[in-house]
Amino acid sequence: MLHAGTQTIETPRLILRRFTTEDAQAMYDNWASDPEVSRYLTWPTHPNVDATRQLLATWVEQYEKPDVYQWAIGLRAADGMPIGSISVVTLNERTHSAEVGYCIGRSWWHQGITSEALEAVLGYLFGTVGAWRVSARHDPHNPHSGGVMRKCGMRLEGTLRQADVNNQGVCDVSVYGILAQEYADAHGLT
């Protein structure tokens, strides 16, 4: 893969950009402190803004690495204020594959924002980084997350029983994937 790091990506409504430590309060207020947002995720709800600030400091340090992909989902209409995050959570160099994870504040659920962000990241990973496959997964008890994946052309590849742990405990995990050629075909790039 041709790693290019976390570069700014713009869509009609969004600016996907690197986090800064100054984003701590917005991240904490908009999603990291909300137990409904983290209900089916693998990280705990942040107990205070200092926990958010510490996490962001770690992410900012990691931006020096060209194979780190961690975006703030920001609204253009609000000067890029972060309302969620989307990132590559695992990379496999041998198979040129990436697994993506995302979350967004409850106030912005069901508006197509997460799908818009995921679509932009898929384009970046296939077009710039040279990934051959991108996957994502979710707890089946959180079907809206799977809806985001399907909307972006990802296919359900299967559900692994009791294969993960999230804030609800041991859980099943539904795995979705899309190949570079499928993405190219769907977007008229071939």
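Residues numbered from 1 in each chain as written. Predicted model: local features only at pLDDT ≥ 70, side-chain atom pairs only at ≥ 80, totals over all residues. Heavy atoms only, no water.

The name an unreviewed UniProt entry gives the chain is GNAT family N-acetyltransferase, with Candidatus Onthenecus intestinigallinarum as the organism.

**A closer look at the layout of surface pockets**
Quantified by volume, the largest pocket comes out at close to 1200 Å³. In this structure, the largest pocket is lined by 46 residues; those nearest its centre are L41, Y102, C103, N142 and S145. Ranked by the residues each element gives to the lining of the largest pocket, the list is headed by strand β5 (residues 97–104), at six residues. Taken as a whole, the second largest pocket encloses approximately 170 Å³ of empty space. Around the second largest pocket sit Q62, D67, V68, Y69, Q70, S87, V88, V89, T90 and L91, which together line it. (1 Å grid on protein atoms, 1.4 Å probe; cavity = no way out; pocket = protein on both sides within 12 Å on 5 of 7 lines; lining within 4 Å. Points joined across faces, edges and corners; volume = space filled by probe spheres on them. Helix = DSSP H or I, 4+ residues; strand = E, 2+ residues; numbered from the N terminus.)

**Quick look at helix α1 (residues 24–32)**
For α1, the tally of buried residues reaches seven of nine residues, placing the bulk of the element in the interior. Restricting attention to buried positions, one finds in α1 the residues A24, A26, M27, Y28, N30, W31 and A32. Close packing links the buried residues of α1 with α2 (49–62), β4 (81–92) and β5. (Buried < 20%, exposed > 50% of the residue type's maximum accessible area, 1.4 Å probe, protein only. Contact = heavy atoms within 4.5 Å.)

**Some points on the state of the cysteines**
Tallied over the full model, the rule gives zero disulfides. The thiol sulfur of C152 is not disulfide-bonded, and the nearest other cysteine sulfur, from C103, lies at 16 Å. Accessibility expressed as a relative area gives 5% for C152, which makes it buried. (Disulfide = S-S within 2.5 Å.)

**A few points about the packing of aromatic side chains**
Throughout the structure, instances matching the rule amount to six aromatic pairs. Ring geometry for F19 against W59: centres 5.1 Å apart, planes inclined by 50°, an arrangement best described as tilted. Taken together, the residues F19 in the loop between β2 (14–18) and α1 and W59 in helix α2 connect sequence positions 40 residues apart. The exposure class of F19 is buried, given its relative accessible area of 2%. W59 gets classed as buried once you look at its relative accessible area, which sits at 14%. Between W71 and Y124, the aromatic rings sit 5.5 Å apart at their centres with planes inclined by 90°, giving edge-to-face as the arrangement. Of this pair, W71 sits in strand β3 (residues 70–75) while Y124 sits in helix α3 (residues 113–129), and the two are 53 residues apart along the sequence. Residue classification places Y124 among the buried positions, given a relative accessible area of 9%. Taken together, the ring pairs connect F19, W31 and W59 into an aromatic cluster. (Phe/Tyr/Trp six-rings, centres within 6.5 Å; stacked < 30°, edge-to-face > 60°.)

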